[in-house]
Structures are given as structure tokens and as C-alpha cells.
Amino acid sequence: QVQLVESGGGLVQAGGSLKLSCAASGSISRINVMGWYRQAPGKQRELVASITSGGSTNYADSVKGRFTISRDNAKNTVYLQMNSLKLEDTAVYYCNSAGLTRRYDPFDYWGQGTQVTVSS
């Protein structure tokens, strides 16, 4: 069993910054990919950014140049630094982690979600 605990969401004015954190714990042998997704009301969940264990990153076009994903492999934690926030960034942000348990079974888990609200 793997648990993901997110933190860092909240209310911020447009142009401001927030930093999200997601810590994975439990029976983990290796985490291959950690990522952040978001879902706005009435819209499908979409990838925001992802990062591999080797540090390769992938960003949605809408956040390139504004958001930065990073991870601390020793702590099984992924971060999302969000700068120059826009109204359209308002959504519930979900952490995702995929890898292998200590029994070498594959896992793919989601966090509970954290609300990010950008106000004008």
C-alpha cells in the first residue's frame, strides 16, 4: 500500500505564487514517475507536469515557463512551484505516483487533491 499526502494549495491573487508538495509513503521500492494533474469544474483531468526518477520533466503547454516540477528522491516527494498564476489555473490539483512496491508489484496511486484558487 502506498499513500500520497498533498499540501500547499490555497487562495492566491492572479500573478502570485504557490508551491505544492506531495509525499509518498508506504511499501515503496522505486518511484518511476511522479506528476501533478488538475481538474477544473466541468473539465476533464489534465496533466500539468511530470518528472521521472532521472529528472526528465514534461509540462503542459499552458504552464510552461510559469510552473516548475521537482522531486526529492530520498524523501519520495514531488513539488510544483507555480508562479505567475492565472485565473484559469484554478482547479483541484492531484498528485500521481507510479512505481514498484517492495514486493516489486507495480503501483499507480493518486493523492486526495488540493484546491488551488486564483482570484482577480
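Structure's up top.
Residues numbered from 1 in each chain as written. Predicted model: local features only at pLDDT ≥ 70, side-chain atom pairs only at ≥ 80, totals over all residues. Heavy atoms only, no water.

Helices and strands together make up the secondary structure of the protein chain, namely 0 helices and 11 strands. Each helix and strand of the protein chain, ordered N terminal to C terminal, gives the series β-β-β-β-β-β-β-β-β-β-β. Overall, the C-alpha framework of the protein chain stretches about 50 × 25 × 20 Å when taken along its three principal axes. In the protein chain, buried positions account for 42% of the 120 residues. For the protein chain, contacts bridging at least 24 residues in sequence account for 55% of all contacts bridging at least 6. Carbon and sulfur atoms make up 47% of the accessible area of the protein chain, which totals about 6,300 Å². One way to put it: in the protein chain the 12 positive side-chain charges average out to a point 4 Å from where the 8 negative ones average out. (Helix = DSSP H or I, 4+ residues; strand = E, 2+ residues; numbered from the N terminus. Buried < 20%, exposed > 50% of the residue type's maximum accessible area, 1.4 Å probe, protein only. Contact = heavy atoms within 4.5 Å. Areas by Shrake-Rupley, 256 points an atom, 1.4 Å probe, with all protein chains shown as cover. Lys, Arg positive; Asp, Glu negative; His and termini not counted. Charge placed at Lys NZ, Arg CZ, Asp CG, Glu CD.)

Two numbers describe a pair of aromatic rings. These are the distance of the centres and the angle of the planes. Taken as a whole and assessed by the stated rule, the structure comprises 2 aromatic pairs. When the centroid spacing of 4.9 Å and the interplanar angle of 65° are considered together, the rings of Y37 and W110 count as edge-to-face. With Y37 in strand 4 (residues 30-39) and W110 in strand 10 (residues 106-110), the pair connects residues that are 73 residues apart, well separated along the chain. Residue Y37 is classed as partly exposed on the basis of its relative accessible area of 24%. Taking the centre distance of 5.9 Å and the plane angle of 40° together, the rings of F107 and Y109 count as tilted. A cation over an aromatic ring shows up here: R45 above the ring of Y94, its NZ or CZ 3.7 Å from the ring centre. Lying over the aromatic face of W110, R45 brings its terminal NZ or CZ to 4.6 Å of the ring centre. (Phe/Tyr/Trp six-rings, centres within 6.5 Å; stacked < 30°, edge-to-face > 60°. Lys NZ or Arg CZ within 6 Å of the ring centre and 35° of its normal.)

All right, on to the state of the cysteines then. Summed over the entire model, instances satisfying the criterion amount to 1 disulfide. For C22, the disulfide goes to C95, at an S-S distance of 2.1 Å. A torsion of -80° about the S-S bond marks the disulfide between C22 and C95 as left-handed. Of the two residues, C22 sits in strand 3 (residues 18-26) while C95 sits in strand 9 (residues 91-100), which places them 73 residues apart along the sequence. (Disulfide = S-S within 2.5 Å.)

The subject of this paragraph is the nonpolar core. Among the nonpolar cores identified, the biggest contains 30 residues, and W36, L80, M82 and Y93 are the most heavily contacted of them. The set of elements that each furnish at least two residues to this core consists of strand 1 (2-7), strand 3, strand 4, strand 5 (46-52), strand 7 (67-72), strand 8 (77-82), strand 9 and strand 11 (114-119). Setting aside its immediate chain neighbours within four residues, M82 contacts G16, S17, L18, L20, R66, F67, Y93 and V116. (Core = buried A, V, L, I, M, F, W, Y, C linked by side-chain atoms within 4.5 Å.)

The subject of this paragraph is the side chain of D89. Considering the arrangement of structural elements, one finds D89 in the loop between strand 8 and strand 9. Taking the relative accessible area as the measure of exposure, D89 reaches 0% and is therefore buried. Within the local environment of D89, its side chain forms a polar contact with the side chain of R66, the two groups lying 2.7 Å apart. (Polar contact = N/O pair within 3.5 Å; in protein donor to acceptor, adjacent residues only side chain to side chain.)

Relative to strand 10, strand 9 is paired through 5 bridges, and the arrangement is antiparallel. Bridge pairing links G99 to F107 in strand 10. Between the antiparallel neighbours strand 9 and strand 10 lie 5 residues, among them Y104 with a positive phi of about 65°. (Pairing = 2+ DSSP bridges.)

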